Amino acid sequence: MVKNPRKRQKTGKIQHEQVPLDDEERRLENLLFGVPYAPEKAGKEIMVVSDEEAEDGQLEVGREFENLLDSDLFFVDDNAGLSEHSQAPQDNVQSGAEDDEELITPEVPESDEDEEISIIREDIPQQPKKSKAPAWTDPDDVNVQVSLASNNRLRKLRDAPSDDTVGGREYERRLRRQFEHINPTPDWASIARKKSERAKRRRSSASGSESEEDVVPELLASTAGILGTTKSRPILPSTLSIERLRDANQAAPADGEIKTVAFHPSPHIPILLTASADRRLRLFQVNGLTNPHAQTLHVPSLPITNAVFHPSGTSILMTGPRPFYYTYDLQSGASHRSPRGLWGTTFSSGRGDQGASMEISSFNPTGEILAVAGRRGQVHLVDWRSGAAQVVGELKANANGLTEDSQVYVWNIGQRKCVKRWQDEGGFGSRILGGDGQGKYLTVGSNTGLVNVYNAESTIDVEGGKPKTLKTIGNLTTSISTLRFNHDSQLLAIASNDKKDQMRMVHCPSLTVFGNWPTSSTPLGHVTSVDFSRESEYLAIGNTRGRVLLYQLRHFSQQ
């Protein structure tokens, strides 16, 4: 019981003792904890200074500002004092430096004054832009001395046999040069860099920062079109340069089979739509990396089997095995169901279930007329310009579309008259027709997996006889369900959903199938829909597992 008071008394004594700190300890406390450094002086003349001023050692306490005028004590920094005279010392320093890379300009954070600074600097002679300043540099690199001759691995960095010792900056420059020599800049990076530079020049010229003298020589030195329309380079038939990317719908996968995939018709809007068996239509922004999910439309009353963009790109048409359709306006976000069933009178005139489905439909290139395939050989023509979607005409064939007799009908829409009729070569039981946007080819897919390719002009030539096939492609063995051309008619994708991994890519100029893709390890599954992007940079493939595979065609992405 006696020791406890002694411990408390000893502890209390130690807590109240305060050992005064000398100047060295105060300086260390300032460096570690940020406590202001105040050296002890006699009397009341105590001044708190910073670390740099304390290390200088030349300040006299209370007398450092004694002989200075008031105009020397204060100044206003308005960033407007730049002139040629003020830049002269900097130019001298730059000319006397060992290397331009040693002059590192710290990064200035963006502020509201950037616009004013840019206007002011227009009248000042601009120096060549330097690379972005590094986030951190080691000041000791300047004092480093490296011997190149003493190390066998560093001898390759010498410019001459007599080179031996170099400084830190020069050593860094030579290492960088050796790395770029061993690993040159890839072609895709150089092309992307050139595109970025051209885009920056276009933006700067549009804002008026570039003069006509700078723009005109660039236009005259290039053979490309002034409006930006360039001709596609031909694809070699030997190898298809293709790369798989992250699935287009990975951000929002479908719960059922993918019915339709379609890209937006504008090359400046990278939007992909997917329609699935869960009665949902999803929109994705395709960038090749994350492909973020933009929106989902749920249509409980319509099993969506077909969805297409209007050629103008302003709306989406959704159809299915129902006598009505839905439209979705991309600008206003409003959806609309067709009134009075299908165009009012088509299903209310006592025709029963004739044509009671809109699963097969297509716009003409201008988007003014919508053609819908009905039953028993009927094709309904709808005037889309009026907004009421009224039927303006009907075409009636003797057979129910493409049947086992393989009859192909050519109609004159203006006269509502069949101008030509011919039988598909071989008569294998035609199932699907497909044409390209250039008007070069017409393809007919059969139930046996054969695809006949025709010259489009010969199929519509009224005075000519039966058209002859350019070639019959027999690489698939099951019924053809998909025929899709790319934008310049160099590629044709054919697929069948009856069997797994039944898809091939055809080189149209030579009408041969690429042998390097798809391979046995390509996870295609049962392909249900295929589409190319507007300029064929991307290829989207939907399957029955609810996935939309996304591939990049390098030939078009590097143009």
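What counts and what doesn't
Residues numbered from 1 in each chain as written. Predicted model: local features only at pLDDT ≥ 70, side-chain atom pairs only at ≥ 80, totals over all residues. Heavy atoms only, no water. Helix = DSSP H or I, 4+ residues; strand = E, 2+ residues; numbered from the N terminus. Buried < 20%, exposed > 50% of the residue type's maximum accessible area, 1.4 Å probe, protein only. Contact = heavy atoms within 4.5 Å. Areas by Shrake-Rupley, 256 points an atom, 1.4 Å probe, with all protein chains shown as cover. Pairing = 2+ DSSP bridges. Axes fitted to C-alpha atoms, helices over the stretch in contact; angles between N-to-C directions. Patch = residues over 30% accessible without salt bridge, like charges linked within 9 Å, V, L, I, M, F, W, Y side chains within 5 Å. Salt bridge = Lys/Arg side-chain N within 4 Å of Asp/Glu carboxyl O. Expected span 1.5 Å × (residues − 1). Polar contact = N/O pair within 3.5 Å; in protein donor to acceptor, adjacent residues only side chain to side chain. Core = buried A, V, L, I, M, F, W, Y, C linked by side-chain atoms within 4.5 Å. Phe/Tyr/Trp six-rings, centres within 6.5 Å; stacked < 30°, edge-to-face > 60°. Lys NZ or Arg CZ within 6 Å of the ring centre and 35° of its normal. pLDDT = per-residue confidence, 0-100.

*Asks:* When you look at the overall build of the chain in this model, what are you seeing that I'm missing?
*Replies:* When you go through the chain residue by residue, the secondary structure sums to 11 helices and 28 strands. The buried share of the chain, taken over its 559 residues, is 32%. Counting only contacts in the chain whose residues sit at least 6 apart along the sequence, the fraction spanning at least 24 positions is 43%. For the chain, the accessible area works out to roughly 35500 Å², and carbon and sulfur atoms hold 50% of it.

*Asks:* What exactly am I supposed to notice about the sheet that holds strand 4 (residues 258–263) here?
*Replies:* Paired through their backbone hydrogen bonds, the strands of a sheet run either parallel or antiparallel. On the basis of which strands lie adjacent, the open sheet formed by four strands has the order 4-5-6-7 and antiparallel pairing. Where the open sheet ends on each side, the last strands, each with one partner, are strand 4 and strand 7 (293–298). Adjacent strand axes in the sheet meet at a mean angle of 15°, parallel and antiparallel pairs treated alike.

*Asks:* Which parts of the structure should I look at to understand a nonpolar patch on the surface?
*Replies:* On the surface, L28, L31, L32, F33 and V35 cluster together into a nonpolar patch covering about 540 Å² of accessible area. Tracing the sequence through the fold places F33 in helix 2 (residues 23–33). Relative accessible area serves as the criterion here: at 66%, F33 is assigned to the exposed category.

*Asks:* For this particular structure, what's the right way to read helix 7 (residues 168–182)?
*Replies:* Since one α-helical turn is 3.6 residues long, residues separated by three or four positions face the same way. With 15 residues, helix 7 should cover 21 Å at 1.5 Å per step; its first-to-last C-alpha distance of 21 Å lies within 8% of that length. The set of residues buried in helix 7 consists of G168, R169, E170 and R174. Those residues of helix 7 that are buried are in contact with strand 2 (165–167).

*Asks:* What's the story with the environment of N543 in this structure? I'm lost.
*Replies:* Along the chain, the position of N543 falls in strand 27 (residues 538–543). For the pair N543 and V527, spaced 16 residues apart in sequence, the C-alpha separation works out to 4.4 Å. N543 has contacts with E257, I258, P523, L524, H526, V527, T528 and L549, leaving out every residue within four places of it along the chain. Looking at N543, its side chain comes within polar contact range of the main-chain nitrogen of R547, at 3.2 Å.

*Asks:* What should I look at first to understand the pattern of salt bridges in this one?
*Replies:* Should the charged atoms of two oppositely charged side chains come close, the side chains can pair. Going through the model one piece at a time under the given rule, you end up with 16 salt bridges. Residue R174 pairs with D163 through a salt bridge whose shortest N-O separation is 3.6 Å. With a gap of 11 residues between them, R174 in helix 7 and D163 in the loop between strand 1 (145–147) and strand 2 connect regions that are remote in the sequence. The salt bridge partner of E425 is K466, with a shortest N-O separation of 3.9 Å. Taken together, the residues span a long stretch of sequence, with E425 in the loop between strand 17 (417–423) and strand 18 (430–435) and K466 in the loop between helix 10 (456–460) and strand 21 (469–473) at a distance of 41 residues. For E425, a relative accessible area of 34% puts it in the partly exposed group.

*Asks:* How do you make sense of the side chain of T327 when you look at a structure like this?
*Replies:* Along the chain, the position of T327 falls in strand 10 (residues 326–329). Those residues within four positions of T327 in sequence are excluded, and the remaining contacts are I316, L317, M318, A334, S335, H336 and W384.

*Asks:* In this structure, what is going on with the environment of Q407? I would like to understand it.
*Replies:* Looking at the secondary structure, you find Q407 in strand 16 (residues 407–412). In sequence terms Q407 and G429 are 22 residues apart; their C-alpha atoms lie 9.0 Å from each other. A polar contact is formed between the side chain of Q407 and the side chain of R421, at a distance of 3.1 Å.

*Asks:* Which parts of the structure should I look at to understand the nonpolar core?
*Replies:* When a protein is soluble and globular, its nonpolar side chains tend to lie buried together. In terms of nonpolar packing, the biggest core is built from 20 residues, with L491, M503, M505, W517, L539 and I541 touching the most fellow members. Secondary-structure elements contributing two or more residues to this core are strand 23 (491–495), strand 24 (503–507), strand 26 (527–532), strand 27 and strand 28 (548–553). Those residues in contact with L491 that sit more than four places away from it in its chain are I235, L240, R484, F485, N486, M505, V506, C508, F514, F532, L553 and F556. Of all hydrophobic cores here, the second largest spans 17 residues; its members include I271, L273, L297 and Y326.

*Asks:* So what exactly am I meant to see when it comes to the sheet that holds strand 27 here?
*Replies:* Within the open sheet, the four strands sit side by side as 3-28-27-26. Their pairing is antiparallel. Of all the strands in the sheet, the pair left with one neighbour each is strand 3 (242–244) and strand 26. Neighbour to neighbour, the strand axes of the sheet diverge by 25° on average, direction disregarded. Here five bridges tie strand 26 to strand 27, and the two strands are oriented antiparallel to one another. Within the sheet, the bridge partner assigned to F532 lies in strand 27 and is L539.

*Asks:* Help me out: how do you make sense of the packing of aromatic side chains in this one?
*Replies:* Inspection of the entire model under this criterion finds six aromatic pairs. For the pair F324 and Y326, a centre-to-centre distance of 6.2 Å together with 80° between the ring planes defines the contact as edge-to-face. Its relative accessible area of 15% is what places Y326 among the buried residues. Positioned above the aromatic ring of F324, the side-chain terminus of R337 is 3.7 Å from the ring centre.

*Asks:* Just to check I follow, could you spell out the confidence of the model for the chain for this structure?
*Replies:* The predicted coordinates ought not to be read in detail in places where the model reports low pLDDT. Mean pLDDT for the chain: 77, with 69% of residues reaching 70 or above. A low-confidence stretch, residues 9–16 (pLDDT under 50), is modelled with zero contacts involving residues beyond four sequence positions or located in other chains. Throughout residues 344–355 the model reports pLDDT below 50, and contacts reaching past four residues in sequence, or to other chains, amount to 21 contacts.

*Asks:* I tried to follow the pairing of strand 23 on my own but got confused; where do I start?
*Replies:* The side chains of a regular strand alternate between both faces of the sheet. For strand 23, the buried fraction is high: five of the five residues fall into the buried class. Of the two faces of strand 23, both are covered, the one formed by L491, A493 and A495 as well as the one formed by L492 and I494. Two strands pair when backbone bridges link them, and strand 22 (residues 482–485) and strand 23 are joined in this way by four bridges, in the antiparallel orientation. For T482, the partnering residue across the bridge sits in strand 23 and is A495. Following strand 22, the chain reverses through five residues before pairing antiparallel with strand 23; S489 in that reversal takes a positive phi of roughly 60°. In this sheet, strand 24 lies alongside strand 23 in antiparallel orientation, the contact comprising five bridges. Bridge pairing in strand 24 places I494 opposite R504.

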